[in-house]
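Read off the chains here:
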2 protein chains.
Amino acid sequence: MSAPDRDGKILLAHGAGGRLTQELVTNRLMPALDNPFLRPLTDAAVLPELPPGRPALTTDGFVVSPPIFAGGDLGYLAVAGTVNDLAVSGAQPLWLAWALILEEGLPLEMLAVFVDGAARAAREAGVTLVAGDTKVVPRGKGDLAFAVTTGLGVVPPGRELGDGLIRPGDAVLLSGPAGDHGATIMAHRHGLGGEALRSDVAPLGGLVEALLASGARVRAMHDPTRGGVATTCNEVAARAGVRIVLDEAAVPVGDAARAVCEVLGLDPLYVACEGRLLAWVDPADAPRALDALRAHPLGRGAAAVGTVEPYREGPRVVMRTPFGGLRVLDLLSGMDLPRIC
Amino acid sequence: MSAPDRDGKILLAHGAGGRLTQELVTNRLMPALDNPFLRPLTDAAVLPELPPGRPALTTDGFVVSPPIFAGGDLGYLAVAGTVNDLAVSGAQPLWLAWALILEEGLPLEMLAVFVDGAARAAREAGVTLVAGDTKVVPRGKGDLAFAVTTGLGVVPPGRELGDGLIRPGDAVLLSGPAGDHGATIMAHRHGLGGEALRSDVAPLGGLVEALLASGARVRAMHDPTRGGVATTCNEVAARAGVRIVLDEAAVPVGDAARAVCEVLGLDPLYVACEGRLLAWVDPADAPRALDALRAHPLGRGAAAVGTVEPYREGPRVVMRTPFGGLRVLDLLSGMDLPRIC
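Read on for a plain summary of the structure. Predicted model only: the values in this text are computed from it and were never measured.

This part covers unusual backbone geometry. With an omega of 0°, the peptide bond between Ser65 of chain A and Pro66 of chain A qualifies as cis. For Leu144 of chain B, which is not glycine, the phi torsion reads 65° and is therefore positive. The topology assignment puts Leu144 of chain B in the loop between β6 (128-137) and β7 (145-155). Here Leu144 of chain B falls in the partly exposed class, since its relative accessible area comes to 25%. Residue Arg339 of chain B is not a glycine yet carries a positive backbone phi of 60°. By the element assignment, Arg339 of chain B lies in the segment after β14 (326-328).

Here it is, written out as structure tokens:
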């Protein structure tokens, strides 16, 4: 029998649980993703006991449009983004579950890009994808592909991190230029951007471990995704009960991202990163924390970008401009940027 | 400021990570789902150490159409379905992560139905939803709502289950009538069915524990979802290297489901259940296993529906008809029933 997917597109029946679902999994997913825990393809993956520590669980949906962009794709992003949520929580990422919701008509070559991207990000992050699911929705009821990645990791014993530990005086570090991912996606949508602009998407587990291994007293870490550095700082400041003052001149922004943001009227501080780390550290340890970040390939552009102050009243996050003024960086209440991740 | 969602619908900005995302989570999700592990709403939920045993991880996407149906809804189904994948693997379900992909324009009252359904199923199953994510896609790029639920549980020490343990002679038990869920969904789509037809969707953790507590030697368990009893038996027979012979007269099928299947030309054996258990048990223990199932509210209709035979050649799954014939129950290669779960 000739392959029913010989026209190279996803069919509704690929998601219906019968023979075509089996063929999709066997021929299109397993070659890149195979491992002993995924291989039984049964209801749940049964894993070895976790190493000592507290388990950490996180889930993230990915609906990025376009799903293939300079520097990454839906699959690579979906693995890196979830790995990063674990890593910034202090957890060592171990196991992933990946669910795909595909639109009827998705070209199989595009699916292959996502699957290869996910496999590559998992290899880079040292995690194993052990559970998966695939559903198909009719043409016009989805948009090529959505992915949801769930990650399970372990916070080693004795590692204490959290926004509640942040105190006035702490230094705010950023591991590289702000906004490259979001600017790349927006540039694609508007036909802008040149060779120089690429998403920063990357799994950050190694960078986080390098920072923590430096011995610097790290209070908390976050990855500034949706809403960017400004939104993350607002959330952190509210949870920690502090004010965060960023130094505009110190926040690294790439030239290409800045140019795209200027054309589109965006503030790079609100534009998503997918491979940057924000860390709050004891001010005495900021130099060695920066050294540790800069010594890692993903942290070469690290900078101290702000400080924590006591909160009294008014805005939670402000930016000191090069002219000595203060600009409020509030939570955006409007549209922001949909489908950036 | 009046609420930007005052027209009662999901907006794109609800998914963009700014103030509206925060309001959606705080006002629409947390009231039903709040617990100490979810409450920090940060990158990952950090959990207490797991009880002894092997962790089990599973993920499932839910794209059911329509998303509200007799006996359940997308949220209730999304939690029950994932709990069941853990339970049939022998794992005690503990923690859930839930990702929503909402379509712009989704009525907030419908979202409330899903959220309440998920919360109710989690209470019934004794699991806690500790991580979540919400994304919004533009009108026409989704279909009201999709959900992906990931479950983490633990297989207690000494509990060994698996299709590889199934051997010729084993009895096949089914905990209740086949096909009620799928028939209900299809009836909704075609404007068929009456009061009597309801989805069987339910979390099966309690039923599984009752079966295992009976002391019956259980080899393996599965929940016959997409593709129904026939598809699940095919997958199991292939993995176990056996043949499964079902007894048509013994397989319970409800009158209402049978009527819908007859009108639509469907075989109830291929129609999804979402609250039924298939169990392979030592034949000597079948009576007490059945007693244990029937003593549980979700297993009152349990029946011994078949036996395992050695595999020599030919079809993996056959059904003995009331007239003494054998009917092949192969994997379906065509369309099956899309978007049943």
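And the narrative resumes.
Two modes of strand pairing occur in sheets, parallel and antiparallel, and in both the strands are linked by backbone hydrogen bonds. Reading across from one edge, β6(A)-β5(A)-β7(A)-β2(A)-β1(B) is the order of the five strands in this open sheet, with mixed pairing throughout. Only two strands of the sheet have a single partner each, and these edge strands are β6 (128-137) of chain A together with β1 (45-46) of chain B. Bridge count between strand β2 (residues 54-62) of chain A and β1 of chain B: two bridges; the pairing is antiparallel. Directly across from Ala56 of chain A, in β1 of chain B, lies its bridge partner Val46 of chain B.

Next up on the list: helix α7 (residues 255-264) of chain A. All names here are of chain A. Listing the buried residues of α7 in full gives Ala257, Val260 and Cys261. Down the axis of α7, the smallest arc covering the buried residues is 100°, so these residues share one side. In this structure, α7 carries Asp255, Glu262 and Val263 as exposed residues pointing more than 90 degrees from its buried face. Along its buried surface, α7 packs onto α4 (180-190). At the C-terminal side of α7, Gly265 shows a positive phi close to 70°.

Placing chain A over chain B gives an RMSD of 0.0 Å and needs a rotation angle of 180°, together with 0.0 Å of translation along the axis. Interpreted geometrically, this transformation is the action of a two-fold axis. Taking C-alpha positions as the reference, the residue of chain A nearest the rotation axis is Gly142 of chain A, at 2.1 Å. When the interface residues of chain A are mapped onto chain B, 100% of them are again interface residues, pointing to one common binding face.

Now for the interface of chain A and chain B. Each partner contributes residues to the interface: chain A has 78 residues there, and chain B has 78 residues. At the boundary of chain A with chain B, total buried surface from both sides reaches about 6,000 Å², with 59% on carbon and sulfur atoms. Taken as a group, Asp43, Leu57 and Arg226 of chain A account for 13% of the area that chain A buries against chain B, more than any other trio of residues on that side. Linking chain A to chain B there are eight salt bridges.

Here we take up the pairing of strand β8 (residues 171-174) of chain A. Residues and elements named next belong to chain A. The side-chain alternation of β8 yields two buried faces, one formed by Ala171 and Leu173 and the other by Val172 and Leu174. Here β8 runs beside strand β11 (residues 278-281); their pairing, made up of four bridges, is antiparallel. Bridge pairing in β11 links Leu174 to Leu278.

Glancing now at the side chain of Asp143 of chain B. Residue and element names in this part refer to chain B. Assignment of secondary structure puts Asp143 in the loop between β6 and β7. Note on Asp143: relative accessible area 15%, which makes it buried. Side chain to side chain, Asp143 and Arg339 meet in a polar contact 2.9 Å long.

To continue, consider the sheet that holds strand β1 (residues 45-46) of chain A. With mixed pairing, five strands are arranged side by side in an open sheet as β1(A)-β2(B)-β7(B)-β5(B)-β6(B). Taken across any chain shown, the strands that pair with only one partner, and hence form the sheet edges, are β1 of chain A together with β6 of chain B. Contacting β5 (92-103) and β7 of chain B, helix α3 (residues 108-125) of chain B crosses the sheet at an angle of about 175° to β5 of chain B.

Rules used in this analysis
- Residues numbered from 1 in each chain as written.
- Chains lettered and ligands numbered in written order.
- Predicted model: local features only at pLDDT ≥ 70, side-chain atom pairs only at ≥ 80, totals over all residues.
- Heavy atoms only, no water.
- Helix = DSSP H or I, 4+ residues; strand = E, 2+ residues; numbered from the N terminus.
- Buried < 20%, exposed > 50% of the residue type's maximum accessible area, 1.4 Å probe, protein only.
- Pairing = 2+ DSSP bridges.
- Arc of directions from axis to C-beta.
- Contact = heavy atoms within 4.5 Å.
- Least-squares fit on C-alpha atoms with pLDDT ≥ 70 in both.
- Buried area = accessible area lost by both parts, 1.4 Å probe.
- Salt bridge = Lys/Arg side-chain N within 4 Å of Asp/Glu carboxyl O.
- Polar contact = N/O pair within 3.5 Å; in protein donor to acceptor, adjacent residues only side chain to side chain.
- Axes fitted to C-alpha atoms, helices over the stretch in contact; angles between N-to-C directions.

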